[in-house]
Amino acid sequence: MPDLAWAEFMRELARNLHRIRVERGYSQDQVAYTSGLSRSSYQRLERGQTSSGAANNPTLRNLIGVAQTLDVSLDELVPQAWPEVQVGKPVQSKRRRPS
């Protein structure tokens, strides 16, 4: 299930990228160049998929670069409903806490 949720999250991010870029009147080339990405890397972000069709997993650095280029905050760019990405329950620490 986490993979399906991640794929939907990335599709939503891709829609946000496309919408904001068009609203600002930028081409994909302009956003890619200014953000320090190749055109094909930016296009994959806007599709929400890698070249193999898997859900994209952009780095924080790339997302910050694109957000700065588009003059938006990460909150405006990244969908607010974060997907569950943990596979199981969080690991409990075995360390004793001071009393």
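Residues numbered from 1 in each chain as written. Predicted model: local features only at pLDDT ≥ 70, side-chain atom pairs only at ≥ 80, totals over all residues. Heavy atoms only, no water.

J.: I'd like a description of the nonpolar core, backed by residues and values.
T.: Counting residues in each nonpolar core, the largest one holds 17 residues, and the members touching the most others are Leu13, Leu17, Tyr42, Val66, Leu70 and Leu77. Those elements that provide at least two residues to this core are helix 1 (2–24), helix 2 (28–35), helix 3 (39–47) and helix 4 (60–70). With 5 residues, the single largest contributor to this core is helix 1. Those residues in contact with Leu77 that sit more than four places away from it in its chain are Leu13, Asn16, Leu17, Ile20, Leu63, Val66, Ala67, Leu70 and Val72. (Core = buried A, V, L, I, M, F, W, Y, C linked by side-chain atoms within 4.5 Å. Buried < 20%, exposed > 50% of the residue type's maximum accessible area, 1.4 Å probe, protein only. Helix = DSSP H or I, 4+ residues; strand = E, 2+ residues; numbered from the N terminus. Contact = heavy atoms within 4.5 Å.)

J.: Residues and numbers for the pattern of salt bridges, please.
T.: For side chains of opposite charge, pairing can occur when their charged atoms come near one another. Here the structure, examined in full by the defined rule, presents 6 salt bridges. Two residues, Glu8 and Arg15, come together in a salt bridge whose shortest N-O distance is 3.1 Å. On the basis of relative accessible area, Glu8 is assigned to the partly exposed category, the value being 36%. When its relative accessible area of 44% is taken as the criterion, Arg15 is described as partly exposed. In this structure, the salt-bridge partner of Arg15 is Glu12, at a minimum N-O distance of 3.4 Å. Taken together, the residues span about one helical turn, with Arg15 and Glu12 both in helix 1 at a distance of 3 residues. (Salt bridge = Lys/Arg side-chain N within 4 Å of Asp/Glu carboxyl O.)

J.: Describe the packing of helix 2 against helix 4, listing the residues and the values that go with them.
T.: Think of two packed helices as two axes; the pair is described by the angle between the axes and how far apart they sit. The geometry of helix 2 relative to helix 4 is characterised by a closest axis approach of 8 Å and an angle of 120 degrees between their N-to-C directions. If you check the angle between helix 2 and helix 4, you find them oblique. Judged by the sense of rotation from one axis to the other, the crossing of helix 2 with helix 4 is right-handed. Of the residues in helix 4, those in contact with Val31, Thr34 and Ser35 of helix 2 are Gly65, Val66, Thr69 and Leu70. By residue class, the composition of the contact of helix 2 with helix 4 is 3 nonpolar, 4 polar and no charged. (Axes fitted to C-alpha atoms, helices over the stretch in contact; angles between N-to-C directions. Parallel < 35°, antiparallel > 145°, perpendicular 65-115°, else oblique. Left-handed = near helix turned anticlockwise from the far one by under 90°. Nonpolar A, V, L, I, M, F, W, Y, C, P; charged D, E, K, R; others polar.)

J.: Can you break down the environment of Ile20 residue by residue, with the values?
T.: By the secondary structure assignment, Ile20 is in helix 1. The spatial distance from the C-alpha of Ile20 to the C-alpha of Glu76 is 9.3 Å, given a sequence separation of 56 residues.

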